[in-house]
Amino acid sequence: MTDRQPVIVGVHATEQGLTLPHRNAMDLALEAVTGSIADAGLAPSDIDGAQVDWPGPGGVRDEGSSWARLLGRDLRWTSDSMLDNAGSRGLLKAAAAVRAGYADCVVVGGCRLVSRGDGPVSAGTPLEFTDVWGSYVVAQFALVAARHMHEYGTTPEQLAEVAATIRNNGATNPEAMMYGRGPYTVEDVLASRMVATPFHLLDCCIVGEGGAAMVVTTAERARDLPHPPIAVLGGAMEYHQAAYANPALHREVGMLGSEAARRAFGMAGVGPHDVDVFSLYDPNSFEVIRQLEALGVCGQGEGGPLAASGAISVTGKHPVNPDGGCLSYAWNGTQQMTLKVVEAVRQLRGTAVHQVEGAALATVGNAGSGAQHYEMSVLGRMS
């Protein structure tokens, strides 16, 4: 590891809720930013890079440089793209800036109030060529899932096993939106109303409000900080086409992320079976199955039986989303991607609510087949 090895030293998740009428966007974003900085043992003035949505008032909406005044210093690095300020994509761009010396300490994150129209394109903005046909986000993912089921015999029961497993993680996580709900069985999932074949209501993620952020700095700087640094060992991105512009086709995106996985794991010098915990995008139950195949955990068509075997449980061979994921913990616009990093960091620190024993290596996956893009990162404890 070089002294400029990028590491995560601070994370913070705000409260998450179906609606948070007592909060506003600036309030949530400020908590996410200052909370992650405090968790890192730093002061706002230590931050010289901000990849954070600016919700206003004041400043220029979504312009990262607006954070300079609140942080109390001039910034060396900013980003104004919503997706560049979240999850693995935001993490990898911040890590690249830190490694290159463009900045020394970058905060990444933000918030969304999706129920008040402050969501990403998939949540609120009309989609010119798809909405007119009723091809909303759930249906885009359903197209891929239905074809996979036809090709490989993946069953509704296997999808329901994924949903029940991850939802039950959230049911016992006090931070989760669905805390105290459940436990859910496969039968419960299959009995819920159909939304878009093959997805029942309980196969689909929840939608809510909240924020999250992380702080990325160098391994050298991290030596003086309170938490063990979590190294960004590898990462990659893969884009088929613009999200939600054209229908997702299984033959084109069924293995989306496989090339990114090859690059990311190769960069980290590990393989998918070395990973102790997976923090994966779960807008629906099938997408977990698809990602396990694309990441190389199992062969194509083998994801359903693998999930149904209990392998994705907290005590299983390939734990997925111990916090409850988007299915039960939170989906809050683009910052649900950052929540995936937060959970991975907590697992590697050994402080997660549902701790995977001995977790030393984590994989974070964002977006997926319906969105037609994929970003991933491989994180590990520093030796």
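All of these numbers come straight from a predicted model, not from anything done at the bench.

**Comments concerning the overall build of the chain**
Part 1: A tally of regular secondary structure across the chain gives 13 helices and 11 strands.
Part 2: Here the chain has a C-alpha radius of gyration of 19 Å; the compact-globule value for 383 residues is 21 Å, and the two agree.
Part 3: Its C-alpha atoms give the chain principal-axis dimensions of roughly 55 × 45 × 40 Å.
Part 4: Here the chain, with 383 residues, has 60% of them falling under the buried criterion.
Part 5: For the chain, long-range pairs separated by at least 24 residues make up 76% of all intrachain contacts whose partners lie at least 6 apart in sequence.

**Comments concerning the packing of aromatic side chains**
Part 1: What the rule picks out here adds up to 3 aromatic pairs.
Part 2: Centroid distance F141 to Y281: 6.5 Å. Interplanar angle 70°. Geometry classified as edge-to-face. Pair noted here: F141 is in helix α4 (residues 137-152) and Y281 is in the loop between β9 (277-280) and α10 (285-294), with a separation of 140 residues, a long-range link.
Part 3: The class of F141 is buried, set by a relative accessible area of 1%.
Part 4: Residue Y281 is classed as buried on the basis of its relative accessible area, which comes to 7%.

**Observations regarding unusual backbone geometry**
Part 1: Omega for the bond connecting G182 with P183 falls within 30 degrees of zero, at 5°, which places this linkage in the cis form.
Part 2: The omega torsion of the bond from T197 to P198 falls at 15°, within 30 degrees of zero and hence cis.
Part 3: Relative to the assigned elements, P198 resides in the loop between β5 (194-196) and β6 (199-200).
Part 4: In this structure, N321 is a non-glycine residue whose phi angle is positive, near 50°.
Part 5: For Q372, which is not glycine, the phi dihedral falls at a positive 65°.
Part 6: Classification of Q372 as buried rests on a relative accessible area of 0%.

**Things to note about the confidence of the model for the chain**
Part 1: Taken over all residues, the pLDDT of the chain has a mean of 92, while the share at 70 or more is 95%.
Part 2: Contacts of residues 117-125 to residues separated by more than four positions or lying in other chains number 19 contacts, the stretch itself having pLDDT below 50.

**Remarks on the sheet that holds strand β8 (residues 230-239)**
Part 1: The 9 strands lie next to each other as β3-β2-β4-β7-β1-β8-β11-β10-β9, forming an open sheet whose pairing is mixed. Because the sheet does not close on itself, it has two edges, and the strands there are β3 (77-78) and β9.
Part 2: Bridge analysis of strand β2 (residues 49-52) against β3 gives 2 bridges, and the strand direction is parallel. Following the sheet pairing, A50 is matched in β3 by T78.

What counts, and at which threshold
- Residues numbered from 1 in each chain as written.
- Predicted model: local features only at pLDDT ≥ 70, side-chain atom pairs only at ≥ 80, totals over all residues.
- Heavy atoms only, no water.
- Helix = DSSP H or I, 4+ residues; strand = E, 2+ residues; numbered from the N terminus.
- Rg over C-alpha atoms; globule rule 2.2 N^0.38 Å.
- Buried < 20%, exposed > 50% of the residue type's maximum accessible area, 1.4 Å probe, protein only.
- Contact = heavy atoms within 4.5 Å.
- Phe/Tyr/Trp six-rings, centres within 6.5 Å; stacked < 30°, edge-to-face > 60°.
- pLDDT = per-residue confidence, 0-100.
- Pairing = 2+ DSSP bridges.

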